[in-house]
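Listed below are the residues making up each chain.
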Amino acid sequence: MRWVKTKDRFVAYFDILGFKNQVNDNHNKALTSLQHLSDFRDIFSNNKTTLSPITGSVIVIDKTIKGVFFSDSIVFVSIDDSQLSAIQILSISQAFISSCMNEKIPIKGCISFGKFTADFKKSIFVGTPLINAFLLEEELELIACIVDNHFEKQTQYIPSISSFLVNYKTPLKSGYINHSLVNWIDIYISKDSLDKTMSSMYLNVSGKPRRYLDNTINFIKHVRECKLI
């Protein structure tokens, strides 16, 4: 499949929570976080198949998703607007958040859709999906990946999309609003492991950063309760 620079495609934008403070407090720890992100970018893009570091299951990518690294942010870009690309960018987003959490790297993101130029040779990346994803990700106040209305409109007739998402009254800076979030909870190593990770991260912060963790814990509880219904 040939990569076309400008095309309608899916774009997932991710950013590390509190990275500026991390750089100021512990340069080596911040560098380690970036090294992990770079490794995950390489794992989850530009490969035909790869093993998820969290579940051990095979993720089929087939060179339809590429990733690019900007400081403490990673952007995943699909080759086109197909159903396969939509499913794969959701699958990669699931595995990416889980992988980051396994390393205790708090991260949040957003997936959008639209015309986007991705010229990897010249490092030119521009288009409304990246702007839309960045703006909505900025609003998000928990460790998760939200999908916007442009993504929802493009994927509304793909039945399997719903298995990747959880509809949730999402904490945003503007208030609690119903949105769909990528369900990364179900593919984490185990319930006990995730609970230990959250407890460990909880003891490292106070104030506003702890509110993000409180919101994440509530989201985890919601996903688990939905599974029991």
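Cut-offs applied
Residue indices begin from 1 for each chain and proceed along its sequence in written order. Where totals are concerned, whole chains, interfaces and linings use all residues; where local detail is concerned, this predicted model gives features only for residues with pLDDT of at least 70, and gives and counts side-chain atom pairs only at 80 or more. As a convention, hydrogens and water are excluded, and side-chain values are obtained from all of the structure's heavy atoms. The score called pLDDT rates the predictor's confidence residue by residue, from a low of 0 to a high of 100. Residue contacts follow a heavy-atom distance rule, with two residues in contact if any of their heavy atoms lie within 4.5 Å. Note on conventions: DSSP H or I runs of at least 4 residues are helices, E runs of at least 2 residues are strands, and numbering of each starts at the N terminus. For patch detection, residues must exceed 30% relative accessible area and be free of salt bridges, and they are connected within 9 Å for like charges or within 5 Å for nonpolar side chains (Val, Leu, Ile, Met, Phe, Trp, Tyr). Each accessible area value is a Shrake-Rupley result obtained with a 1.4 Å probe; residue values ignore everything except the protein chains displayed when judging cover. Basic side-chain nitrogens of Lys or Arg form a salt bridge, by our definition, when they fall within 4 Å of a carboxyl oxygen of Asp or Glu. Think of it this way: a Phe, Tyr or Trp ring, Trp meaning its six-membered ring, pairs with another when their centres are within 6.5 Å, and the plane angle makes it stacked under 30 degrees, edge-to-face over 60, tilted otherwise. Type-normalised accessible area, obtained with a 1.4 Å probe on protein chains alone, sets the label of each residue: buried when under 20%, exposed when over 50%, and partly exposed for intermediate values. For a lysine, the NZ atom is tested; for an arginine, the CZ atom; a charge sits over a ring if that atom is within 6 Å of the ring centre and within 35 degrees of the ring normal.

**Quick look at the confidence of the model for the protein**
- Averaged over every residue, the pLDDT of the protein is 83; residues scoring 70 or more account for 79%.
- This stretch, residues 47-61, has a pLDDT under 50; its non-local contacts, to residues over four places away or in other chains, come to 41 contacts.

**Topic: unusual backbone geometry**
- Located in the positive-phi region is K104, a residue other than glycine, with phi close to 60 degrees.
- One can find K104 in the loop between α3 (83-102) and β6 (107-119).
- Even without a glycine there, the phi angle at S123 is positive, about 55 degrees.
- Turning to its location among the elements, S123 is positioned in the loop between β6 and β7 (124-127).

**Some thoughts on a nonpolar patch on the surface**
- Together, I131, F134 and L135 give the surface a local cluster of nonpolar side chains, amounting to about 280 Å² of exposed area.
- In this structure, F134 sits in helix α4 (residues 128-139).

**Focus on the packing of aromatic side chains**
- For the coordinates displayed, the defined rule picks out 10 aromatic pairs.
- Plain terms: the ring middles of W184 and Y188 are 6.3 Å apart, the flat faces sit at 75 degrees to each other, and that makes the pair edge-to-face. The residues W184 and Y188 share a single accessibility class, namely buried.
- In this structure an aromatic cluster arises from ring pairing among W3, F120 and F125.
- Just above the ring of W3 sits the side chain of K66; from NZ or CZ to the centre is 4.8 Å.

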